[in-house]
Amino acid sequence: MDKLDTMRAFLTVVQEGAFTKAADKLAVSPQLVSKYISALEQSLQTRLLQRTTRRLSLTQAGSDYYQRCVQIIADIDDMESRLTEHAQVVSGTLTISAPMSFGTLHLPHLLMSFQQLYPQIKLKITLTDIKVDIVDEGVDVAMRIGQLADSSYICKKVAPINIAIMASPDYLATRGLPKTPAELQHHHYLKYAYSDDAMLFSGFDNMRHTIDFNDNLIANNGELLVNTAILGGGIVIQPTFIAGKALAEGKLVRILQGYEPKPVGLYMVYANRQYLTPKVACFIEFVSQYYSTPPSWEQV
């Protein structure tokens, strides 16, 4: 039997003065209370209660044990109460990992709005396009973009991410407008270093393996590639959350629209669904509501 259960039963019997009253208070049967006391006395190898048909009384050992039990149970109840109260207070440091370009372009307003609702939460943000292990790195929530592989972590999709094939009007005027993916081999391609080619060229069917791309610029930052494309440096394949403004302003135009990659998503990745701290649960819910309508970058 659980030692704490037997100790609580013993305290209640002493305080109520009878097994039946103790059983009523604990919402168990008198027989179970009797078993608890017997198990406790057996484990201690000493008698704690003198039982007669009329009354119960404590032995000397029982009196000493009762005093210690009162303090132990009070300490445990106080500790559990404090932990429960702490779990309900939305405060502390929330560590977030997010992609570099998404973070610089779209997180400032989101984070400011979140802290206005939860001013006691301190935010610690790490921007990286490398998928870190959130447990090893001490990350509470990772915001990730793509088609996420199965893992032991919880992944909650909060927004769509579309990817476009683009070039500047000046570049297309000089080099010509490609009408099929095969024609891309005659163009400058601005390649993202961490791209998943299987996903990026999913709209090309089986043509990907027959195209010899001229990767004249490879970089690990999507904003650099989009800005290079705006200047006429070549063709770029990037998410609309990076290129949306340039598309809206006509600095870039979509090409090969029938061959664009399949849409992916923005995901919240965290370690455990069952014991979420209030700060993590509040952030996940806030971001879900923040993107409950199609984000601005999807409206180009």
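Residues numbered from 1 in each chain as written. Predicted model: local features only at pLDDT ≥ 70, side-chain atom pairs only at ≥ 80, totals over all residues. Heavy atoms only, no water.

A. Molecular detail of the overall build of the protein. In terms of helices and strands, the protein carries 10 helices and 12 strands. Scaling as 2.2 N^0.38, a compact globule of 300 residues should have a C-alpha radius of gyration of about 19 Å, whereas the protein reaches 32 Å, well beyond that. With respect to the principal axes defined by its C-alpha atoms, the protein has extents near 105 × 40 × 30 Å. Residue burial in the protein is summarised as follows: out of 300 residues, 41% are buried. When contacts within the protein are restricted to residue pairs at least 6 apart in sequence, long-range pairs at least 24 apart make up 75% of them. As displayed, the protein offers around 16,700 Å² of accessible surface, 50% of which is attributable to carbon and sulfur atoms. (Helix = DSSP H or I, 4+ residues; strand = E, 2+ residues; numbered from the N terminus. Rg over C-alpha atoms; globule rule 2.2 N^0.38 Å. Buried < 20%, exposed > 50% of the residue type's maximum accessible area, 1.4 Å probe, protein only. Contact = heavy atoms within 4.5 Å. Areas by Shrake-Rupley, 256 points an atom, 1.4 Å probe, with all protein chains shown as cover.)

B. Local environment of the sheet that holds strand β11 (residues 253–254). The strand order across the open sheet formed by five strands is β9-β8-β10-β7-β11, and the pairing between neighbours is mixed. Looking at which strands have only one partner, the edges of the open sheet turn out to be β9 (214–219) and β11. Strand direction decides the pairing type here: strand β8 (residues 188–192) and strand β10 (residues 235–239), joined by two bridges, are parallel. Considered in β10, the bridge of Leu190 is made with Val236. (Pairing = 2+ DSSP bridges.)

C. Main features of the environment of Leu44. By secondary structure assignment, the location of Leu44 is in helix α3 (residues 30–44). As for Leu44 and Ser101, which are separated by 57 residues in sequence, their C-alpha atoms are 65 Å apart.

D. How the structure looks around the pattern of salt bridges. Under the definition given, this model contains six salt bridges. With its nearest N and O atoms 3.2 Å apart, the salt bridge here joins Arg51 to Glu41. One end of the pair, Arg51, is in strand β1 (residues 49–51); the other, Glu41, is in helix α3, and 10 residues separate them in sequence. By relative accessible area, Glu41 is classed as buried at 11%. Glu249 is the salt-bridge partner of Lys245, the closest N and O atoms lying 2.8 Å from each other. One salt-bridge network, in which partners are shared between bridges, spans Lys245, Glu249 and Lys251. (Salt bridge = Lys/Arg side-chain N within 4 Å of Asp/Glu carboxyl O.)

E. Structural context of empty space enclosed by the protein. In the structure shown here, the tally under the stated rule is one cavity of 30 Å³ or more. Put simply, the largest cavity is a space of about 30 Å³. What lines the largest cavity is simply Leu184, His187, His188, Tyr189, Phe213, Ile235 and Ile237. For the lining of the largest cavity, the elements supplying multiple residues, two or more each, are β8 and β10. Grouping the amino acids of the lining of the largest cavity by side-chain chemistry returns five nonpolar, two polar and no charged. (1 Å grid on protein atoms, 1.4 Å probe; cavity = no way out; pocket = protein on both sides within 12 Å on 5 of 7 lines; lining within 4 Å. Points joined across faces, edges and corners; volume = space filled by probe spheres on them. Nonpolar A, V, L, I, M, F, W, Y, C, P; charged D, E, K, R; others polar.)

F. Seen up close, the layout of surface pockets. By volume, the largest pocket amounts to about 600 Å³. As for the largest pocket, its lining consists of 32 residues, of which Lys131, Ile145, Gly146, Tyr192 and Tyr194 are closest to the centre. Those elements giving two or more residues to the lining of the largest pocket turn out to be β3 (92–98), α5 (100–117), β5 (141–146), α7 (197–200), β10 and α9 (240–248). In terms of residue count, β5 provides more of the lining of the largest pocket than any other element does, five residues in total. Class assignment of the residues belonging to the lining of the largest pocket gives a composition of 20 nonpolar, eight polar and four charged. Counted as a void, the second largest pocket has a volume near 260 Å³.

G. Fine view of the packing of aromatic side chains. For the coordinates displayed, the defined rule picks out nine aromatic pairs. When the centroid spacing of 5.6 Å and the interplanar angle of 55° are considered together, the rings of Phe10 and Tyr65 count as tilted. Residue Phe10 is located in helix α1 (residues 3–16), and its partner Tyr65 is located in helix α4 (residues 60–88); the two are separated by 55 residues in the primary sequence. You can call Phe10 buried: its relative accessible area is 0%. Members of the aromatic cluster, connected to one another through ring pairs, are Phe114, Tyr118, Phe283, Phe286, Tyr290 and Tyr291. (Phe/Tyr/Trp six-rings, centres within 6.5 Å; stacked < 30°, edge-to-face > 60°.)

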